[in-house]
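Structure at a glance
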Amino acid sequence: MSSVNLVAREVAVKIVFYGPGLSGKTTSLRKVYETVRPAHRGEMMSIATEGDRTLFFDFLPVKVERVNDCTVRLALYTVPGQVFYNATRKLVLQGADGVVFVADSQPEMMDANRESLANLEENLLEQGVRIERFPLVLQWNKRDIPKALPVAELRAALNPRNVPDFETEALSGRGVLDALKAITRLVIQDLRVKRIVPPPRAATPAIPSLGAAKPGGGGGLEAQLSQHLAGRAPTATAPAPTAAPASTLVARPSRSMPAIVPQPQVHVASAVAPPALTGQRPLGPASALAPSDLFDHARAAEGAFSSGDYGTCIQACLDAARRGLAFAGEGPLGSQAHLLHVDGADLLKLQTLAARSSSRVDDAAFALYVLMQIFSRLHAAGLPTPAAE
């Protein structure tokens, strides 16, 4: 779900890396993180199991240059590869503007590739989105493995619609940025068709093209991406604005922030920008989704998780969950959960975890997942409603 801040002239889009387990989704995202200049990236959040597989998702806000006089910010996510985490896949996929499907080139992974691609199509369809009308690129990953399948065979099996595809080696980074540039270009084109990206302001003077960037990508990832976003428009854009500090990436969330909601919509921010979190950690995924009334509670839960205090994290999640469900009206917790379509079994498990004397990292990760599920349902229901002026 893209969002537009007309005051700040900023467009935020969400791109999800999808694919089977251990195909290279998280490795690709880490390579992007290493490429982006520190001033233009947020904190990379990762919640993993003991087996080092992504359990929930990574969240990486990347600020790129401009399109139609608007700054573009990418929020990059990965989904868990394992089939039994499909509920989490659906939650992360909600509101996505585009997908990078990371396929494993090993012969023994072809069934897993097909299953994951079919799962992507099914989950998109549940949101009312047909995959053939959705921005999608494919990565043929692990091309450095000697037994990797020929690209022609992969295309025949997985790319019948002939969407853009790229040979990649996530460990070295080969091809990863090319795939990201391609999906960014497709997403921006899609937003233009939907008239979500506003036109340039008439007073904007002509500016030299970024095509003259220094060889080797001296401008960083954001400069490389901007060369692909201009489309057929005459030269592009202004250099990265110096007036906007890096803290703009980590401002307190508002309706202009990217959120996971079922239906695409455009949010217009108020004229007063939210205060920056000076000196604090960048936004984590829970606080990025949190309504303003619950932001501090989500922040406390994430802080406890980062410090390894998993018991405190679970308690903070339970407290925030109760406060969030209260927006559904008075009544028992189960009734409130039912009204918001929150899984009652998940809520019951969260209460059970909070009553334990000791907690593990996966317990705290699950608590954060339940909290984000509630925040997502609140966004979908338009709660909490703004106070009357």
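Remember, predicted model here, so these are calculated numbers, not experimental data.

Criteria and thresholds
Residues numbered from 1 in each chain as written. Predicted model: local features only at pLDDT ≥ 70, side-chain atom pairs only at ≥ 80, totals over all residues. Heavy atoms only, no water. Helix = DSSP H or I, 4+ residues; strand = E, 2+ residues; numbered from the N terminus. Buried < 20%, exposed > 50% of the residue type's maximum accessible area, 1.4 Å probe, protein only. Contact = heavy atoms within 4.5 Å. Areas by Shrake-Rupley, 256 points an atom, 1.4 Å probe, with all protein chains shown as cover. Pairing = 2+ DSSP bridges. Expected span 1.5 Å × (residues − 1). pLDDT = per-residue confidence, 0-100. Disulfide = S-S within 2.5 Å. Core = buried A, V, L, I, M, F, W, Y, C linked by side-chain atoms within 4.5 Å. Polar contact = N/O pair within 3.5 Å; in protein donor to acceptor, adjacent residues only side chain to side chain. Phe/Tyr/Trp six-rings, centres within 6.5 Å; stacked < 30°, edge-to-face > 60°. Lys NZ or Arg CZ within 6 Å of the ring centre and 35° of its normal.

Overview of the overall build of the chain
- When helices and strands are tallied, the chain shows twelve helices and seven strands.
- A burial count over the chain gives 53% of its 389 residues as buried.
- Within the chain, residue pairs in contact and separated by at least 24 positions form 72% of the contacts whose partners lie at least 6 positions apart.
- When the accessible surface of the chain is totalled, it reaches about 17,500 Å², and 54% of it is carbon and sulfur.

Thoughts on the pairing of strand β5 (residues 98-104)
- Where burial is concerned, most of β5 is hidden: seven out of the seven residues are buried.
- Here strand β2 (residues 10-18) pairs with β5 via four bridges, running parallel. Bridge pairing links Y18 to F101 in β5.

Here we look at helix α12 (residues 361-381)
- Helix length check: α12 (21 residues) gives 31 Å between terminal C-alpha atoms against 30 Å at 1.5 Å per residue, within 8%.
- For α12, a buried count of 16 out of 21 residues is recorded, marking the element as mostly surrounded by other parts of the structure.
- Just beyond α12, the residue with positive phi is G382, at close to 70°.

Things to note about the confidence of the model for the chain
- Chain-level statistics for the chain give a pLDDT mean of 77 and a share of 70% at 70 or above.
- When the elements of the chain are averaged for pLDDT, helix α6 (residues 221-229) gives the smallest value, 62, and strand β6 (residues 136-141) the largest, 98.
- Note on residues 204-218: pLDDT is under 50 here. Beyond four places in sequence and across chains, it has 14 contacts.
- pLDDT under 50 marks residues 231-280. Its contacts with residues more than four places away, or in other chains, come to 98 contacts.

Details of the state of the cysteines
- The tally for this structure, following the rule as stated, stands at zero disulfides.
- Sulfur of C313: no disulfide; nearest cysteine sulfur belongs to C317 and is 4.2 Å away.
- Residue C313 is classed as buried on the basis of its relative accessible area of 0%.
- Take C317: its relative accessible area is 0%, and that puts it in the buried class.

Some remarks on the nonpolar core
- L368 and F375 are the most contacted members of the largest nonpolar core, which has 37 residues in total.
- Residue assignment for this core shows that the elements contributing at least two residues are α7 (285-289), α8 (295-306), α9 (310-325), α11 (344-354) and α12.
- Judged by nonpolar contacts, the second largest core, of 30 residues, contains V11, L29, L76 and L221.

Quick word on the environment of Q315
- One can find Q315 in helix α9.
- Residue Q315 is classed as partly exposed on the basis of its relative accessible area of 38%.

Concerning the side chain of Q373
- Inspection of the secondary structure assignment puts Q373 in helix α12.
- Within polar-contact distance, the side chain of Q373 engages the side chain of D346 at 3.3 Å.
- Excluding residues that lie within four positions of it along the chain, Q373 makes contacts with L91, H341, V342, D343 and D346.

Quick word on the packing of aromatic side chains
- Under the criterion given, the structure shown has two aromatic pairs.
- Judged by centre distance (6.0 Å) and plane angle (55°), the ring pair of F366 and Y369 falls under tilted. Placement of both F366 and Y369 in helix α12 is noted, with a separation of three residues, approximately one turn of the helix. Like Y369, F366 is buried.
- The lysine or arginine in question, R41, covers the ring of Y33, its NZ or CZ lying 4.0 Å from the ring centre.
- Here the basic side chain of K349 rests over the ring of F366, its NZ or CZ set 4.3 Å away from the ring centre.

Description of α9
- Between its first and last C-alpha, α9 extends 22 Å over 16 residues, near the 22 Å set by a 1.5 Å rise per residue.
- If you check which residues of α9 are buried, you get C313, I314, A316, C317, L318, A320, A321, G324 and L325.
- For α9, the elements touching its buried residues are α8, α10 (333-339), α11 and α12.

A short note on the pairing of β2
- With nine of nine residues buried, β2 lies mostly within the body of the structure.
- As judged from the eight bridges shared by β2 and strand β4 (residues 70-78), these two strands associate in the parallel manner. Across the sheet, V16 pairs through a bridge with Y77, a residue of β4.

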